[in-house]
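If you want the building blocks of each chain, they are given just below.
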Amino acid sequence: MSHAFIVHGPKDVDSLLQVHEALRRAGIPDWYEPPGADSPESRHSVAEAIDKAFAMVVLVSASSIRSREAQAQIERGIARGLTIVPFRVDNARLSGVFKKELAGSLRHAIMDEGGLEKLVAEVRARYRHKCPVIAVMNLKGGVGKTTITSQIFGAWQAALGGRILLVDLDPQYNLTQTFFDMEAADQSAARDRSVISLFEKSRLHAPDVPSPAESWSRLSTEPFPTPAIADLVHPLLGENGPGGVLDLISGQFEISKYAFATDKAALDAIRLNFLHMVDHLRGSYDLIVFDTNPNATFLTKCALEASDRVIAPMHPDMYSLRGVKLLNQVLNEQIAEDVRPKLSILFNRVSRNEQSAFEADARNGAHDQRAGFKLSEALLQHPVPKSGHLQVRSPEPDQEPWKSLIVHKGRGGGLKSIRESLKASAAEIRDKTSAEEPS
Ligand SMILES: Nc1ncnc2c1ncn2[C@@H]1O[C@H](COP(=O)(O)OP(=O)(O)O)[C@@H](O)[C@H]1O
Ligand SMILES: [Mg+2]
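No experiment lies behind these values; they were computed from the predicted model shown.

(A) Representation of the overall build of the chain in the model. Looking only at helices and strands, the chain features 17 helices and 13 strands. On C-alpha atoms alone, the chain measures out to a radius of gyration of 24 Å, which is about the 22 Å that the 2.2 N^0.38 rule sets for 439 residues. Each of the 439 residues in the chain was classed as buried or not, and the buried ones make up 41%. Summarising the internal contacts of the chain: among those between residues at least 6 apart in sequence, 76% fall at separations of at least 24.

(B) Inspection of the site of ligand 1 at higher detail. The environment of ligand 1 is formed by 16 residues, the closest being G144, K145, T146, T147 and L390. Mapped by element, the contributors of at least two residues to the shell around ligand 1 are α7 (145-160) and β12 (342-350). For the shell around ligand 1, the element with the highest residue contribution is α7, accounting for 3 residues. Of the residues in the shell around ligand 1, the class split is 4 nonpolar, 9 polar and 3 charged.

(C) Here's a closer look at the environment of S250. Note on placement: S250 falls in the loop between β9 (246-249) and α11 (264-282). Judged by C-beta crowding, with 26 C-beta atoms within 10 Å, S250 ranks as buried. For S250 and L232, which are 18 residues apart along the polypeptide, the C-alpha to C-alpha distance reads 8.8 Å. Leaving out residues up to four positions away in the same chain, S250 has contacts with D168, Y173, T176, A185, S188, A189, S194, V195 and H234.

(D) Seen up close, the environment of H315. Here H315 lies in the loop between β11 (309-314) and α13 (318-334). With 121 residues separating them in the primary sequence, H315 and S194 have C-alpha atoms 30 Å apart. Filtering out sequence-adjacent residues up to four positions away, H315 remains in contact with V143, S320, N348 and R349.

(E) Representation of the sheet that holds strand β7 (residues 164-168). Overall, mixed pairing links the 8 strands, which are arranged β8-β9-β7-β10-β6-β11-β12-β13 in an open sheet. Here the strands that pair on one side only, and so sit at the sheet edges, are β8 (234-235) and β13 (384-385). Alignment of strand β6 (residues 133-136) against β11, held across 3 bridges, turns out to be parallel. Its bridge partner lying in β11, I134 is registered against R309.

(F) Structural view of the nonpolar core. In this structure, I164, L165, V167, I288, V289, A303 and A312 are the most contacted members of the largest nonpolar core, which totals 77 residues. Ranked by residue count, the leading element in this core is α7, at 6 residues. Apart from the residues within four sequence positions on either side, V289 is in contact with I134, V136, T149, F153, I164, L166 and V167.

(G) Spotlight on the packing of α7 against helix α17 (residues 415-435). As a packed pair, α7 and α17 sit with axes 8 Å apart at the nearest point and diverge in direction by 80°. The pairing of α7 with α17 is recorded here as roughly perpendicular in orientation. In this structure, α7 contributes Q151, I152, A155, W156, A159 and L160 to the contact, and α17 contributes R419, L422, K423, S425, A426, A427 and R430. Along the lines of polarity and charge, the residues of the contact of α7 with α17 split into 8 nonpolar, 2 polar and 3 charged.

(H) How the structure looks around the packing of helix α2 (residues 40-52) against helix α4 (residues 68-79). Across the interface, α2 lies against α4 with an axial gap of 10 Å and an inter-helix angle of 35°. Relative to α4, the crossing made by α2 is right-handed. Within the contact between the two elements, α2 uses V46, A47 and I50 and α4 uses Q73, R76 and G77. Its residues assigned to classes, the contact of α2 with α4 comprises 3 nonpolar, 2 polar and 1 charged.

(I) Geometry of the sheet that holds strand β4 (residues 83-88). Overall, parallel pairing links the 5 strands, which are arranged β2-β1-β3-β4-β5 in an open sheet. Both edges of this open sheet fall to β2 (30-31) and β5 (108-109), since each of them pairs with a single strand only. Strand contacts of helix α6 (residues 115-130): β1 (4-7), β3 (55-60), β4 and β5, with the helix running at about 175° to β4, the strand carrying the most contacts.

(J) Molecular detail of the pairing of β7. In terms of burial, β7 is largely enclosed, as 5 of its 5 residues are buried. By the alternation rule, side chains of β7 split into I164, L166 and D168 and L165 and V167, which are all buried. As defined by bridge partners, β7 adjoins β9 across 4 bridges and the pair is classed as parallel. Across the sheet, residue L165 finds its bridge partner in β9, namely D247. With 5 bridges connecting them, β7 and strand β10 (residues 287-291) associate as parallel partners. From the neighbouring strand, L165 faces β10, where its bridge partner is I288.

Calculation notes
- Residues numbered from 1 in each chain as written.
- Chains lettered and ligands numbered in written order.
- Predicted model: local features only at pLDDT ≥ 70, side-chain atom pairs only at ≥ 80, totals over all residues.
- Helix = DSSP H or I, 4+ residues; strand = E, 2+ residues; numbered from the N terminus.
- Rg over C-alpha atoms; globule rule 2.2 N^0.38 Å.
- Buried ≥ 20, exposed ≤ 12 C-beta atoms within 10 Å, placed from the backbone.
- Contact = placed C-beta atoms within 7 Å.
- Near = placed C-beta within 6 Å.
- Nonpolar A, V, L, I, M, F, W, Y, C, P; charged D, E, K, R; others polar.
- Pairing = 2+ DSSP bridges.
- Core = buried A, V, L, I, M, F, W, Y, C linked by C-beta atoms within 7 Å.
- Axes fitted to C-alpha atoms, helices over the stretch in contact; angles between N-to-C directions.
- Parallel < 35°, antiparallel > 145°, perpendicular 65-115°, else oblique.
- Left-handed = near helix turned anticlockwise from the far one by under 90°.

The structure is reproduced here in structure tokens:
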């Protein structure tokens, strides 16, 4: 779990609670030493908490400027390369490490109008940057969304590391079936250990409530407590497998019910539940990836609002181009500018031997007008070649899920070259995503 670490002085109790409460409302986990708790043991947990933090918020006050603990915490944060966001809570004169290291970045103050909101916005941008969310989407079926989600991001985990969460947002739940047989997938859904628990209060949150999957006409709009991550996700890499973190939130058919719901207020409420849960999950992962359905629905809007980037796989042909064009329209017309994700296009299933005329045209801008946007600029450089290894096969019953990942399959038969392609695509997406400065 990663969090914002808050540095404070012993007398900053009121402002500490104000900041804590504002971060909590924004869905951002935080960590601070309870005032008056200083001891050798607590110093150890403080050090650990700084090392796990994604950012450090420093309350700048007469009390913190005089505090040795606060100074030591700031120095550790700087040594760890943490982003430090100072926040003035009184008018004390800066000295020591506060003057030397923080004066230049002291932009927000509790006394300023909207000062607390500005602090939260900056911390939120850092939080999102720490764990980007990618939606794999094209408003066309069969272009490789599910294959890309499992195989490229499986290769990302193996080659580039990090804790990665895959979320199956397609009611057809093919991604889940890539890793588990149908029976195992349905058993999990029967306990609400699945994607439905991101939207509605379910038996995962409270054992005595009816499952939201049982009623297609009722939406449960109540807010719910965030469940323990281990109760919600399925680890894919296993104890005896390759190790590392690649988890799945499994899909299920019943989330189709949202496409039929007409109660707008109820849909708004469960969309907010979903966005809040995704923000909560960012605390435990370095990357979250959605596999999505091909038709524009409520789920599409949810996925796009929660994402920082869309990867749209397309075949080098006109039908796929149309899917991408529609996707770009949905992005621009349905998603507010301040939360709109960036769009990258990935050619999938290209011939290994020669670039098609369609791909060449797309790259030199000849299809931009037909696409209605600068397709040539949105294209990722590395395509994914057509390969028999990327053809889906259902797993054997009881097969360990990681065995479905090409990156962990043996040698021979062209596996090496397809693996290199998947890794090259993963590295390109990583570089694009991490190059973006938090806004
Ligand atoms: N690069 C590829 N080479 C060969 N087959 C592929 C490739 N990408 C996807 N496929 C196959 O194409 C079919 C559709 O892919 P899928 O990922 O399920 O698409 P979507 O999720 O967009 O509907 C599947 O049978 C899959 O195995
Ligand atoms: Mg699919």
